[in-house]
Amino acid sequence: MFRRSCTLLAKTPRQQVLEWLGSIDTVLFGSDGVLWKFDDAIEGSVEAFNAMRAKGKRCFIVTNDASMVSSDLAQKAMRLGFRVGEQEVLSSAACISNYLVAKKFNKKALVVGEAGIQKELGKAGIESVTIDQDAGDKQMKDFARQFDVDPDVGAVVVGCDSSFNVSKIVVACTYLLNPKLLFLGTCMDTSYQVCQKRVTVGAAAMVVPIEKSSNRKPLIMGKPNPQMVNKLRHSGSHNPEKTLVIGDRLSSDIIFARNCGFKSLLVGSGATSLEEAQKLQSEGNGRKLMMVPDTFLPSLGHLMEYLCEDEGKAEKKRVEKQKIRLHSYKPRLV
């Protein structure tokens, strides 16, 4: 039902939408752009997420965000009101860690990225090093000749890095001259909208310069790579045909759903508009059609219309109470 049709659920007969929802037992939610934007929950997302859980559906947050470890991402979600546990948060940083453990990796990993990657590797007993050497006032050719190379590094891992610079490109590319070194990336997300006409860059801004300069192709471990949900897929209790991916990016979330054989729902509250999806659909290009979602809603909160009315009202009331408690909280002075 609805396969790669970009069906507008808001204009679809209610009973048909209810039947579609009834065929789903597992839901994989993106994070930023679907559940929240940076540090604020998107309107209606908390109620919809928790109402889905109340209906007995297994709910997971599957995110390319590698800035924090899974436990911290779970804590963030819970602070915002989402009912989720650490084991139900699957991140690209954790995926990289699991991949290296499965390969019995016993060397160091050079990390170009935020602390979440290093911490996830550390939890698995994998030592990581960062690039703390900088060209400074030196000419880049002199820096390239003189910086120290650690012979125990066996992988270069690249993610979003707020202190990214040319020196890091030079160091990473030098290590990648060794064809035996692994080259892993968290994701290829390009940018995130901060506010109207303002964006911040994603991991692609770090991965691509190193890829082009080293002439090495990275293995991207985040969405759309099915390895993000390897444990779930091989658990024995998972049915792809009953799994729904809810995301905001065509190039990661929707292709991820296709790669795994899952259903897909694009929400317009993040990186992609309905017009962009419809344009791909109308062009009829085979490769681009892979990015066409099954269904579309303006935001996750619009699902509340199709969830059990009593559960929806109860969940909305609970969220409002939590907001009141948060606003009225006053720290004790000692």
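Preceding this section is the structure that the text describes.
Cut-off values and rules
Starting afresh in each chain, residues are numbered from 1 along the sequence in its written order. Restriction of local features to residues with pLDDT of at least 70 applies here, the model being predicted, together with a cutoff of 80 or more for giving and counting side-chain atom pairs; totals for whole chains, interfaces and linings are based on all residues. Derived side-chain values reflect all non-hydrogen atoms in the structure, with water molecules and hydrogen atoms excluded from consideration. Strands here are runs of E lasting at least two residues and helices are runs of H or I lasting at least four, both read from the DSSP assignment and numbered beginning at the N terminus. Throughout, the radius of gyration refers to the C-alpha atoms, and the reference size of a globule is 2.2 Å times the residue count to the power 0.38. The cut-offs for exposure are 20% and 50% of the maximum accessible area for each residue type, with area from a 1.4 Å probe on protein chains only; residues under the lower value are buried, those over the upper are exposed, and the others partly exposed. Residue contacts are defined here by distance: any two heavy atoms, one from each residue, within 4.5 Å place the two residues in contact. Each accessible area value is a Shrake-Rupley result obtained with a 1.4 Å probe; residue values ignore everything except the protein chains displayed when judging cover. Note on pairing: two strands pair once DSSP finds at least 2 bridges between them. Between N-to-C directions, angles cover 0 to 180 degrees, with each direction set by a line fitted to C-alpha atoms, over the stretch in contact for helices. A clockwise path from the first strand over the helix to the second, with the strands pointing away from the viewer, defines a right-handed crossover. Think of the arc as the fan of directions from the helix axis to the C-beta atoms. For this classification, under 35 degrees means roughly parallel, over 145 means roughly antiparallel, 65 to 115 means roughly perpendicular, and everything else is oblique. Two helices that cross are described as forming a left-handed crossing if the nearer one is turned anticlockwise from the farther one by less than a right angle, and a right-handed crossing if clockwise. Residues are grouped as follows: Ala, Val, Leu, Ile, Met, Phe, Trp, Tyr, Cys and Pro are nonpolar; Asp, Glu, Lys and Arg are charged; every other residue, Gly included, is polar. What makes a nonpolar core is a set of buried Ala, Val, Leu, Ile, Met, Phe, Trp, Tyr and Cys residues whose side-chain atoms join them at distances within 4.5 Å. Should a side-chain nitrogen of Lys or Arg be within 4 Å of a carboxyl oxygen of Asp or Glu, the pair is scored as a salt bridge.

Student: Please provide a residue-by-residue account of the overall build of the protein, values included.
Tutor: Helix and strand content of the protein: 13 helices and 16 strands. For 334 residues, the compact-globule estimate of 2.2 N^0.38 gives 20 Å, and the C-alpha radius of gyration of the protein, at 21 Å, lies within 12% of that figure. Over its C-alpha atoms, taken along the principal directions, the protein stretches across nearly 65 × 65 × 45 Å. A total of 334 residues make up the protein; the buried ones form 49% of that total. Of the contacts made within the protein by residues no fewer than 6 positions apart, 72% connect residues no fewer than 24 positions apart. When the accessible surface of the protein is summed, it comes to about 16900 Å², and 50% of that surface belongs to carbon and sulfur atoms.

Student: If you had to explain the sheet that holds strand β9 (residues 153-158) to someone new, which residues and values would you point to?
Tutor: Read from one edge to the other, the open sheet built from five strands follows the order β8-β7-β9-β10-β13, with strand pairing classed as parallel. Two strands lie at the open edges of the sheet, namely β8 (128-130) and β13 (219-220), each paired on one side alone. Here strand β7 (residues 108-112) runs beside β8; their pairing, made up of three bridges, is parallel. Paired with Ala109 across the bridge in β8 is Ser128. In the packing of helix α5 (residues 115-123) onto the sheet, contacts are made with β7, β8 and β9, and the angle to β7 comes to roughly 165°. Packed onto the sheet, helix α8 (residues 204-214) meets β9, β10 (182-185) and β13 and runs at close to 155° relative to β10.

Student: Requested: an account of the pairing of β9, with residues and values cited.
Tutor: With six of its six residues buried, β9 lies for the most part within the structure. As defined by bridge partners, β7 adjoins β9 across five bridges and the pair is classed as parallel. Looking at β9, one finds that Lys108 is bridged to Val153. Strand direction decides the pairing type here: β9 and β10, joined by four bridges, are parallel. Looking at β10, one finds that Val158 is bridged to Gly185. Crossover β9 to β10 through helix α7 (residues 166-175) is right-handed.

Student: Now, about α5: what can you tell me, with residues and values included?
Tutor: Regarding α5, the residues found buried are Gly116, Ile117, Glu120 and Leu121. Along the long axis of α5, the arc covered by the buried residues comes to 130°, so they all point the same way. Buried residues belonging to α5 abut α3 (70-80), β6 (89-91), α4 (92-102), β7, β8 and β9.

Student: Tell me about the pairing of strand β11 (residues 191-195), residues and numbers included.
Tutor: The pairing of β11 with strand β12 (residues 198-201) spans four bridges and is antiparallel. If you follow Ser191 over to β12, its bridge partner there is Val201. Connecting β11 to the next strand, β12, in antiparallel fashion are two residues, including Lys197 with a positive phi near 65°.

Student: Describe the packing of α7 against α8, naming the residues involved and giving the relevant values.
Tutor: Interaxial distance between α7 and α8 falls to 9 Å at its minimum, and their mutual angle equals 50°. With respect to their mutual orientation, α7 and α8 come out oblique. The crossing of α7 and α8 is right-handed. Within the contact between the two elements, α7 uses Ile169, Ala172 and Cys173 and α8 uses Pro209, Ile210, Ser213 and Ser214. Here the residues of the contact of α7 with α8 are counted per class, giving five nonpolar, two polar and no charged.

Student: Give a description of the nonpolar core that names residues and reports values.
Tutor: Formed by 33 residues in total, the largest nonpolar core has its most connected members in Phe29, Leu35, Ile246, Leu265 and Leu303. If you list the elements that add at least two residues to this core, you get α1 (14-22), β2 (26-29), α2 (45-54), β5 (58-63), α3, β14 (243-247) and β15 (263-267). Of the residues forming this core, the biggest block, five residues, is contributed by α2. Not counting chain neighbours up to four residues away, the residues in contact with Leu35 comprise Phe29, Gly30, Ala41, Ile42, Ser45, Phe49, Ile61, Phe82 and Leu300. Counting residues in hydrophobic clusters, the runner-up holds 28 residues, among them Val62, Tyr99, Ile126 and Val157.

Student: I'd like a description of the pattern of salt bridges, backed by residues and values.
Tutor: Evaluation of the coordinates by the stated rule reveals 13 salt bridges. In this structure, the salt-bridge partner of Asp142 is Lys141, at a minimum N-O distance of 3.5 Å. Judged by relative accessible area, Lys141 falls into the partly exposed class, the value being 48%. For Lys217, the salt bridge is made with Glu211, and the minimal N-O distance between the two is 3.2 Å. By relative accessible area, Lys217 is classed as exposed at 68%.

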